[in-house]
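# Examining the three-dimensional arrangement
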Amino acid sequence: MNRSWLRVYFIMGSNNTTRNPLEVLEEALQGGITMFQFREKGKNAYTGDMKLDLAQKMKQLCHQYNVPFIVNDDVDLAIAVNADGIHVGQDDAKVDVIKRTCPSDWIIGVSATNKDEAIQAMEDGADYIGVGPIYSTKTKSDAKKPIDIIGLAYIRQAVGDLPIVAIGGIGMTNVFPIIKAGADGVSIISAISNANNPRSVAQVFDAYTSYAVSFR
Ligand code: TZP
Ligand code: MG
């Protein structure tokens, strides 16, 4: 995969905003997000046809802006909407099964909180790992203890040049230390999904990450 897709990786489900999620996504795309993950889970999450319909519309929007569309957890949904890839956690579908049964050009992402999980994901053939939570977050109720910049740097050191995106509690002011510690980009939910102006916040993430990455 192209690691620059990870630079501003926006994640959202319908319950991460009080607005129409399609409008929020389009504004984020206009602001310059580089990848998108549909993560529909938790309280009041859509299921069945509502979930499928939203996923289809989100994928269409992403492709209008040439941005890869990734589905969280739900392999069947990812196949149904012909997504560009899947992101799985430690308790979800296994990478070797996905590799055997899903399109060979899929981008496969795996969440990792520590060095052992990160190395395992690399050995399993993940295209990138989502590392975190870096900071504390209110968005994921069962999030593990934050690993901070030091944990991120430690995982970077363990996985060589495997693409890494950092996640958890990330705001605009955290971009520089995170990229400096070895992440290829930042994953963000609430800083964009709850912003008064998702487009301008995405623009700032785009500018800051481009600048930070240029120092490598
Ligand atoms: N995984 C680890 S932290 C997190 C996920 C899905 C939530 C990130 O959300 P936010 O609002 O950017 O802190
Ligand atoms: Mg999961």
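Residues numbered from 1 in each chain as written. Chains lettered and ligands numbered in written order. Predicted model: local features only at pLDDT ≥ 70, side-chain atom pairs only at ≥ 80, totals over all residues. Heavy atoms only, no water.

### Overview of the overall build of the protein
Regarding its fold elements, the protein presents nine helices and eight strands. Taken against the 2.2 N^0.38 rule, which gives 17 Å for 216 residues, the C-alpha radius of gyration of the protein at 16 Å falls within 12% of a compact globule. By its C-alpha atoms, the protein is 45 × 40 × 30 Å across when sized along the principal axes. Residues counted as buried form 50% of the 216 residues belonging to the protein. (Helix = DSSP H or I, 4+ residues; strand = E, 2+ residues; numbered from the N terminus. Rg over C-alpha atoms; globule rule 2.2 N^0.38 Å. Buried < 20%, exposed > 50% of the residue type's maximum accessible area, 1.4 Å probe, protein only.)

### Quick look at the coordination of the magnesium ion (ligand 2)
Four donors placed tetrahedrally around a metal ideally meet at 109.5 degrees, and six donors placed octahedrally ideally meet at 90 or 180 degrees. Within the first shell, the magnesium ion (ligand 2) binds the protein through Asp73 (OD) and Asp92 (OD), at distances of 2.2 to 2.4 Å. Here aspartate 92 lies in the loop between strand 4 (85–88) and helix 4 (95–101) and aspartate 73 lies in the loop between strand 3 (69–72) and helix 3 (75–80), a separation of 19 residues in the sequence. (Donors = N, O, S within 2.8 Å, 3.2 Å for Na, K, Ca; no water.)

### A closer look at the packing of aromatic side chains
Applying the stated rule across the entire model yields six aromatic pairs. On the basis of an interplanar angle of 70° and a centroid distance of 5.8 Å, the ring pair of tyrosine 9 and tyrosine 128 is categorised as edge-to-face. In this pair, tyrosine 9 is assigned in strand 1 (residues 8–12) and tyrosine 128 in strand 6 (residues 128–131), connecting sequence segments 119 residues apart. Of the two residues examined, tyrosine 9 and tyrosine 128, each falls in the buried class. (Phe/Tyr/Trp six-rings, centres within 6.5 Å; stacked < 30°, edge-to-face > 60°.)

### Some points on the pairing of strand 1
Regular strands place their side chains on alternate faces of the sheet. Most of strand 1 is tucked away, with five of its five residues classed as buried. Bridge count between strand 1 and strand 8 (residues 185–188): three bridges; the pairing is parallel. Within strand 8, the residue paired with valine 8 across the bridge is valine 186. Here four bridges tie strand 1 to strand 2 (residues 35–38), and the two strands are oriented parallel to one another. Bridging across to strand 2, methionine 12 finds its partner in phenylalanine 38. As a crossover connection, the stretch from strand 1 through helix 1 (residues 21–31) into strand 2 is right-handed. (Pairing = 2+ DSSP bridges. Right-handed = clockwise from strand over helix to strand, strands pointing away.)

### So, the nonpolar core
The biggest cluster of nonpolar side chains holds 60 residues, and the ones touching the most others in it are Leu25, Ile33, Phe36 and Phe69. Apart from residues lying up to four places away in sequence, leucine 25 is in contact with Phe10, Met12, Ile33, Phe36, Met58, Leu61 and Cys62. One finds Ile107, Tyr128, Val165 and Ile189 within the second-largest nonpolar core, a separate group that totals nine residues. (Core = buried A, V, L, I, M, F, W, Y, C linked by side-chain atoms within 4.5 Å. Contact = heavy atoms within 4.5 Å.)

### So, the UniProt feature "binding site: Mg(2+)" (unreviewed entry) in the protein
The UniProt feature table records "binding site: Mg(2+)" (unreviewed entry) at Asp73 and Asp92. For the residues just named, distributed over 20 residues, the greatest C-alpha separation is only 6.3 Å, placing them together at one site. For the largest pocket, the lining residues among the annotations just cited are Asp73 and Asp92. A relative accessible area of 23% places aspartate 73 in the partly exposed class. Judged by relative accessible area, which is 24%, aspartate 92 ranks as partly exposed. A distance of 2.5 Å separates a polar side-chain atom of aspartate 92 from the backbone nitrogen of glycine 89. (UniProt positions renumbered as here; feature names shortened; annotations may be inferred. 1 Å grid on protein atoms, 1.4 Å probe; cavity = no way out; pocket = protein on both sides within 12 Å on 5 of 7 lines; lining within 4 Å. Polar contact = N/O pair within 3.5 Å; in protein donor to acceptor, adjacent residues only side chain to side chain.)

### What to know about helix 1
Residues of helix 1 that are buried include every one of Pro21, Val24, Leu25, Ala28, Leu29 and Gly31, and no others. Along the axis of helix 1, the buried residues cluster in a sector spanning 160°; they form a single face. Elements in contact with the buried residues of helix 1: strand 1, strand 2, helix 2 (48–64), helix 8 (190–193) and helix 9 (198–213). With a side-chain oxygen positioned 2.9 Å from the backbone nitrogen of leucine 22, the residue opening helix 1 is asparagine 20. At the exit of helix 1 stands glycine 32, carrying a positive phi of roughly 115°. (Arc of directions from axis to C-beta.)

### Considering the UniProt feature "binding site: 4-amino-2-methyl-5-(diphosphooxymethyl)pyrimidine" (unreviewed entry) in the protein
Following the UniProt record, the feature "binding site: 4-amino-2-methyl-5-(diphosphooxymethyl)pyrimidine" (unreviewed entry) maps to Gln37, Phe38, Arg39, Glu40, Lys41, Asn72, Ser111 and Lys140 here. Considering only the annotated residues already named, the ones lining the largest pocket are Gln37, Arg39, Lys41, Asn72, Ser111 and Lys140. Here glutamine 37 shows up in strand 2. A relative accessible area of 2% places glutamine 37 in the buried class. Glutamine 37 has contacts with Tyr9, Phe10, Ile11, Met12, Ile70, Val71, Asn72, His87 and Tyr128, leaving out every residue within four places of it along the chain. Mapped onto the elements, lysine 140 comes out in the loop between strand 6 and helix 6 (148–158). Taking the relative accessible area as the measure of exposure, lysine 140 reaches 35% and is therefore partly exposed.

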